[in-house]
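Structural characterization, general
Below are the chains, spelled out letter by letter.
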Amino acid sequence: DTEVTQTPKHLVMGMTNKKSLKCEQHMGHRAMYWYKQKAKKPPELMFVYSYEKLSINESVPSRFSPECPNSSLLNLHLHALQPEDSALYLCASSRDPVGLFEQYFGPGTRLTVT
Amino acid sequence: AQSVTQLGSHVSVSEGALVLLRCNYSSSVPPYLFWYVQYPNQGLQLLLKYTSAATLVKGINGFEAEFKKSETSFHLTKPSAHMSDAAEYFCAVSRTGGGNKLTFGTGTQLKVEL
């Protein structure tokens, strides 16, 4: 099973709301990632978790807060977002946090901030 | 720092014709290279990867790519295009050192015409 699942598929939230995105994998992967993808653009890395510890934060605004409760689960908590944060949010995982191993992507959560 | 350049943001081919999507990389160390495909409103799916084992890499759905160090290229080809190949294609590079940071090219939209 090479599946990464993400919920919800779609999310509409106001600028004062608090919401969370969820990502799950059961492949025993020890690295998990959050990407942001705007329309017609490549994915942009936001965060990397390596063995459940945050290893890379690509200078993401604090209104995005990642969390890795266990090796299978990755959350992205959202608070006080701006309309420009509307995008497709992709989760990915890889066997190990080194460049050799490919990343497996989930289907994404389409976020709209109103 | 490593990067990839995809020549041609849009490529159009006839069904049954050769598909050639170009990718050139820049890296100070031997790179790991990947091709991903993204269908509308979906996540990214790995087509193939180069990890220095063999220069000609075969992937899924009849795609293959050849790593050419002298040309710093990793072009994606398929002998005969099918309508179902219409999608966005991303070339990506990661480092052989520690840290699984994937850097994507800007993408190529492939259109397949009857």
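Look above for the structure.
This report concerns the structure included in the present document.

1. Some remarks on the overall build of chain B
A tally of regular secondary structure across chain B gives zero helices and 11 strands. Starting at the N terminus and walking to the C terminus, you meet the elements of chain B as β-β-β-β-β-β-β-β-β-β-β. The C-alpha atoms of chain B give a radius of gyration of 14 Å, which matches the 13 Å a tight globule of 114 residues would have. Reported as C-alpha extents along the three principal axes, the dimensions of chain B are approximately 45 × 30 × 20 Å. For chain B, buried positions account for 46% of its 114 residues. Summing over all exposed atoms, chain B offers an accessible surface of approximately 5,400 Å²; the carbon and sulfur share of this is 53%. If you average the places of the 9 positive and of the 7 negative side-chain charges in chain B, the two averages end up 11 Å apart.

2. A few points about the pairing of strand β4 (residues 31-37) of chain A
Residue and element names in this part refer to chain A. Burial runs high along β4: seven of the seven residues are buried. On β4, burial covers both faces: A31, Y33, Y35 and Q37 on one face and M32, W34 and K36 on the other are all buried. Bridge count for β4 against strand β5 (residues 44-50) is six bridges, and the pairing is antiparallel. What sits directly across from M32, in β5, is Y49. A loop of six residues connects β4 with β5, the two strands running antiparallel in sequence, and K40 in this loop sits at a positive phi of about 65 degrees. Summarising the sheet, β4 and strand β9 (residues 87-94) pair through seven bridges and their orientation is antiparallel. Within β9, the residue paired with Q37 across the bridge is L88.

3. Quick notes on the environment of F67 of chain B
Residues and elements named next belong to chain B. Its location among the elements puts F67 in strand β7 (residues 64-68). Assessed through its relative accessible area of 9%, F67 is described here as buried. C-alpha of F67 to C-alpha of T77: the two residues are 10 residues apart in sequence and 12 Å apart in space. In this view, F67 contacts Y25, P31, L33, Y50, T55, S73 and F74; residues no more than four positions away in its chain are not counted.

4. Notes on the side chain of H75 of chain B
On the secondary structure map, H75 of chain B appears in strand β8 (residues 73-78). Among the polar contacts made by the side chain of H75 of chain B, one reaches the main-chain amide nitrogen of C23 of chain B at a distance of 2.9 Å.

5. Some points on the sheet that holds β7 of chain B
All names here are of chain B. Taken together, the five strands give an open sheet; going across it, the order is β1-β3-β8-β7-β6, and neighbouring strands pair in antiparallel fashion. The outermost strands of the open sheet, each flanked by one partner alone, are β1 (3-7) and β6 (56-58). Ignoring strand direction, the axes of neighbouring strands in this sheet form an average angle of 20 degrees.

6. What to know about the side chain of S94 of chain A
Relative to the helices and strands, S94 of chain A is located in strand β9. Among the polar contacts listed, one links the side chain of S94 of chain A to the side chain of Y33 of chain A, at a separation of 2.6 Å. From its side chain, S94 of chain A meets the backbone oxygen of D96 of chain A in a polar contact 3.0 Å long. Once residues lying within four places of it in the same chain are set aside, the contact partners of S94 of chain A are H29, R30, A31, Y33, F101, E102 and Q103 of chain A together with N100 of chain B.

What counts, and where the lines are drawn
- Residues numbered from 1 in each chain as written.
- Chains lettered and ligands numbered in written order.
- Predicted model: local features only at pLDDT ≥ 70, side-chain atom pairs only at ≥ 80, totals over all residues.
- Heavy atoms only, no water.
- Helix = DSSP H or I, 4+ residues; strand = E, 2+ residues; numbered from the N terminus.
- Rg over C-alpha atoms; globule rule 2.2 N^0.38 Å.
- Buried < 20%, exposed > 50% of the residue type's maximum accessible area, 1.4 Å probe, protein only.
- Areas by Shrake-Rupley, 256 points an atom, 1.4 Å probe, with all protein chains shown as cover.
- Lys, Arg positive; Asp, Glu negative; His and termini not counted.
- Charge placed at Lys NZ, Arg CZ, Asp CG, Glu CD.
- Pairing = 2+ DSSP bridges.
- Contact = heavy atoms within 4.5 Å.
- Polar contact = N/O pair within 3.5 Å; in protein donor to acceptor, adjacent residues only side chain to side chain.
- Axes fitted to C-alpha atoms, helices over the stretch in contact; angles between N-to-C directions.

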